[in-house]
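Residue-level listing of the chains:
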Amino acid sequence: MGKGFYISKAVAVACLFAAAGVLATIIALSVMYAQERSKNLQYLPTPPGPNTTSTASTTPPGPTEPWHYYRLPESLSPVRYNITLWPRLKPNPDDLYIFTGHSRVAFRCVSKTNLILIHSSKLKFKMFDGFHAILTGLDGAVAPTLRETWLEVPTQYLVITLNAPLQLGSMYELYTEFEGKLSDDLEGFYKSEYIEDGVKKVVATTQMQATEARKAFPCFDEPALKAVFHMTLIHPLGTVALSNAMNYDPVNITLDGESLIQTSFEPTEIMSTYLLAFVVCDFAYIRTNRDADVLIRIWARRKAIEEGHGNYALEKTASILAFFQNYYNSSYPLRKSDQIAIPDFSNGAMENWGLITYRETSLLYNPGVSSNRDKESVATTISHELAHMWFGNLVTMKWWNDVWLNEGFATYVSYLGADYAEPDWNMKDLIVLNDINHAMTRDASANSHPLSSKKEEIQRPDQIYELFDAITYSKGAAVLRMLSEFITETVFSQGLHTYLEEFRYNTTTYKDLWKHLQMAVDKAGISLPHSVEVLMNRWILQMGFPVVTIDTQTGNITQEQFLLDPQSVVDRPSEFNYEWFVPITWIKNGASEQQYWLLNKEDTNTELVLGAADWLVANINMKGFYRVNYDEENWDRLIAKLSSNHQDIPVINRAQIIDDAFNLAMATKVNITLALRTTTFLNKEVEFLPWAMARRNLYYFFLMFDRSEVYGPMQAYIRKQITPLFHYFKDLTLNWTKIPEKHTDRYNQLNTISLACRAGVEGCRELTCGWFKEWMNNPAVNKISAHLKSVVYCNAIAAGGIAEWDFALKMSKNATITSEADKLRHALSCTMEPWLLNRYLQYCLDPGKIRKQDASDIFVSIARNPIGQPLVWDFVRTNWDYLINHGHQLIYIISIVTERFSTKFEYKQLQLFTEEVEAQYGSGAFGLEHFLERTKTNMNWMALNKKPVSDWLISQTSEI
C-alpha cells in the first residue's frame, strides 16, 4: 500500500517540514502512513458467543473457543473462489447503496475438524433451511451435515459447526448468498462519488488491505491463505467492470426486469485476499500499443483522460515496469497492468495485483497545473506499487508481523525505479529527506516497535493496522538501503532474484530473505564480520537505532540507543541489549571514504584520531541508520569548515550535520547553541537538502516561540540567513520570470519564498500577493508557476481578506485536477481571519462542501496556523463524537493540534480531555497519554532552552 500517507504525497512531503527534531510528531507520523487508526475502536474485542442470529451473545471474557481468537485455525486451506457481485449504483428505497452476491469457495481439509471458520464482516446472509451456507463435497468427498451457524461479530467470522468431521485431504465447497452496503467509509467494497458536467456519478470500488475483503464476500482473509479467484461483476449499461485479471467479453443480461451487463474475468494467479480488487465505473482509459508485451491502461474520469492527465503515468509505468523486470531479473507475472484513479481513496495507492488503485493526485498529472512535487508523487507512487507486483504480490509475507518486507522494500526500491524513470531528479538522495529522517524521528521514541514483531503480538485488525507506520515503510527502507550499500546493490538484486524464484506464488518470513542475500554475498566473495542474518537481526528484531559517538582526540567510539526524550524509559526488552553491528563510514579532510564495523558497545580506532587542523565527518551520505556525535573540538572544526568552504563536505552530510546536531540537542547530548551554530553557514548555501533539513528542524522552534517574545529575534535571524538565497533565486530566474531547471532547485525556490515571506524579507509578500492579484483579475488565466502555487496561494490568502478567501474557495471547486484543488484547500487554512477559519471548520462537517477524505487534512492545516490552532482544539473537543463516527484521523489531528502545547495550562486542558475520553472509551484510548508526555517534554524544553536560544539569536542579529 502506498504510504497513505496517507494524505497525498504532496501534502505529506510538506508535512515533513513539521516533523523532525520534535518528539511532538512521533505519533502523528505513524498515522500519516495508515489512515485507519481512528476506526480501530470497532475492532476492540468484546465477549463473544454462539448465536443463530447475526448478533453475538455474551459469554465470560477471554478466549474459550476457536471463534474467540482472531487468527484462523490451520485446518482448512482455500483453493479457489467463484464470486459474483452486483453493486447498485443508485440508492434503494431506504436511500442505501447496496450490493448483492454469491460465492463458492473450494477448500481442502488439512487437519481433521468439525468446524469451519470463514471471515465475514457487515454482510447479511440468505438463510438456507436455517443455515447461513450450503456445504458440498468435491471430487467424491461426502460433506457432513451442518449443525449450527452464526455470525461471530467481534472476531468477524461466519461460524459453521458440523455433525461430523471434515476428512483430511478432502475437498469441499461452501456456498453463500449475501447482501452488503456500499458505504462511503473507503474500505472493503465501497462507493466513491464525483461530479462531472453537473451530474453526480457513482463508482463502486474496493480497498481490501489489510482485513477488509471479508466485507465484500466471505473469505479466508489471511495473507498466507492464497487462492485463485474467478470473478463476475454485474453492472449497469454504460459502465465498465474491472478486476485483477483480463475480462472475457461482457454479455447483456436481464435481472429483476433490469437490463444489465455481466462481465466475467479470467482466473487470477494464486494470490492473497487483500490483493483482490474490482471496480465498476464509466471511466475512460489510455493504453500502450497493441504490440506491447504487457497491456498497460490508465483509467480515470473521462475529462481527466481527455485532457491528458493520464499521459505521464502511462509513459512512466512502462519504463518503471521495464526497470523492475531487469532489476529482479524476472518477467512481470501478469498479462496486464491496469491503474485507476479513484475520486475517493484513503491511501496514496494500493498494489492490487493487475488493478492498482490510486488516489487521483497519485496518478494524474497536468503539466500546466501540477507542480514538480505532484509529478514526483506520481512517479514514486507508481514505482512503489509496481515494486509490489513481485515483492509482496508474487511473494508475500506469511503474516502481517512481517509487513515491513512488503512496504519497507517497496519504499526503498521505489526511489530506484523513479530514478530510472527520471534520471535528472537525483531521487536516490531524496530518500534521506523523505524517509530516513522520518524513520529516525519515529524510532527515537521509547514506545517505538521493532520492524519485525512477534506474530503473537499482532492478532487483531487494529494491531495489524498499527503496523502501517513510519517504522514499517521508512525504517524498513532505510535498513534495506544500508544493507544494499555494504553488500553492493548488484549483489542485493542478485539475492532478490533467487528469493523471488524460490518462493513465487508462496509466502515467506524475513529469514528466507536473509538466506538468499547470504547466498549472493557468498557467491560474490564479499567479506562481512558476521552473516547477513546475524548483522541484520539487530536492526529488525529490536526497536530503535544507535547514536555513535566518535572522540577524534583518542579514536574512542561508543554506541548507545538514541532517544529524543532523555527521561523516557524503554520497557521493551531486547535480546541484543540495544546494541547494533554498525557499518561506520567516514572521510577525513575530504579524502576518500573509509569503512569500519563497530561490533561492540565501545571500541578504539586510531585511524579516527585527528591532527590539530583536521576535520572528520562520519556516516557518509547517511548510508547507515544511525546518528553521529563528536567531541567538541571536531564539532567546532566542522562548523568552521562549513563557514569557510562548505562544498568540501558532501551535500547530504551538510544536511546530516544540521539534523544530527538538532536531534542531539533535543536529547540534551549537545548544547542547543551548538545546533543553532550549524545553520550559520546557510547564508552561503544554495542546495536544497541542507536548507530543507534546517527548515524542518527549525519548525519546532517556530512552534515553541511563535507566541512568545523570542519570535522577533528568530524572525530576524531567519531573515538574515534566507535573504541571500532569496536574491540568488531572483537572479537565477531572471527576476522571477523563469523556472529553475534542476528538480531540487524548484523545491528550494519554493522553500525560499515560504521562509522569506514568513521572515519578512523585503519584496517577498509583494511578489506573492501580486501574482495572486493578477490571477484574481483574470481568473481564466493563471500565470503562477505550478511549482510555486502552494506558497503563493497561502501567502496571498494570509495577507488578504474575504475577497481572496472566497476567490480561492471558488477556484478550488472549479478545479478539474485534484492536486490543484488540494493546494487551494490547503491555502484556505492560511488566512489570519478567525471567523473564516471557523467557517472552514464548519464546512468540514458537510460532505457536500468538503469530501470526507479531505476533511482531516484541512483540520491539520488549520491547526498548523497559529491563529487556527486554538480554534481546531475547541472544534475537536466540541465535535468529538461526530469525528469518531465519521472515520476521521483523530490521532493525527490531535497530534498536530496539541504540538504547540508547552504550558501548565495547556497540559491541564489536555489532561482533562484525556480523562473524559478514557472514561468513555477505556484507558489508553487513542494514545492520548503520549500527547501528555509530549507536552511535558515541550514544557521542559522551554524551561531549559528559551533563554539561551533567545540570547544566541539576539547575538546573531544585534547588528541588523
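Computed from a predicted model, the values in this text were never measured in an experiment. (Residues numbered from 1 in each chain as written. Predicted model: local features only at pLDDT ≥ 70, side-chain atom pairs only at ≥ 80, totals over all residues. Heavy atoms only, no water.)

(A) Molecular detail of the layout of surface pockets. Put simply, the second largest pocket is a space of about 1000 Å³. Along the walls of the second largest pocket sit 35 residues, with E193, Y194, I195, R825 and R851 positioned nearest its centre. Those elements giving two or more residues to the lining of the second largest pocket turn out to be β9 (188-196), α21 (802-814), α22 (818-828) and α24 (852-864). Counting residues per element, the lining of the second largest pocket draws most heavily on β9, which supplies six residues. Among the residues making up the lining of the second largest pocket, the classes are represented as 12 nonpolar, seven polar and 16 charged. (1 Å grid on protein atoms, 1.4 Å probe; cavity = no way out; pocket = protein on both sides within 12 Å on 5 of 7 lines; lining within 4 Å. Points joined across faces, edges and corners; volume = space filled by probe spheres on them. Helix = DSSP H or I, 4+ residues; strand = E, 2+ residues; numbered from the N terminus. Nonpolar A, V, L, I, M, F, W, Y, C, P; charged D, E, K, R; others polar.)

(B) Expanded view of the sheet that holds strand β25 (residues 582-588). Strand order in this open sheet of three strands is β26-β25-β28, and the pairing throughout is antiparallel. Only two strands of the sheet have a single neighbouring strand rather than two, namely β26 (594-598) and β28 (616-618). Mean inter-strand twist for the sheet, computed between neighbouring axes without regard to direction, equals 30°. Of the strand pairs in this sheet, β25 and β28 are connected by three bridges, and their pairing is antiparallel. Across the sheet, the residue bridging to K588 is L616, located in β28. (Pairing = 2+ DSSP bridges. Axes fitted to C-alpha atoms, helices over the stretch in contact; angles between N-to-C directions.)

(C) Highlighting unusual backbone geometry. A cis geometry characterises the amide bond from Q209 onward to A210, with omega recorded as 5°. By the secondary structure assignment, A210 is in the loop between β10 (199-207) and β11 (228-236). Its identity as a non-glycine residue notwithstanding, Y578 has a phi of 55°, on the positive side. Topologically, Y578 is positioned in the loop between β24 (556-561) and β25. Accessibility expressed as a relative area gives 11% for Y578, which makes it buried. (Buried < 20%, exposed > 50% of the residue type's maximum accessible area, 1.4 Å probe, protein only.)

(D) Structural view of the sheet that holds strand β16 (residues 284-287). Pairing is mixed in the open sheet, where five strands are placed in the order β16-β17-β18-β20-β19. Two strands bound the open sheet, and with one partner strand each, they are β16 and β19 (349-350). Each of β18 (336-342), β19 and β20 (355-359) touches helix α5 (residues 372-388); the most contacted strand, β20, lies at about 150° to it. (Contact = heavy atoms within 4.5 Å.)

On their own, these measurements won't tell you what the molecule is for.
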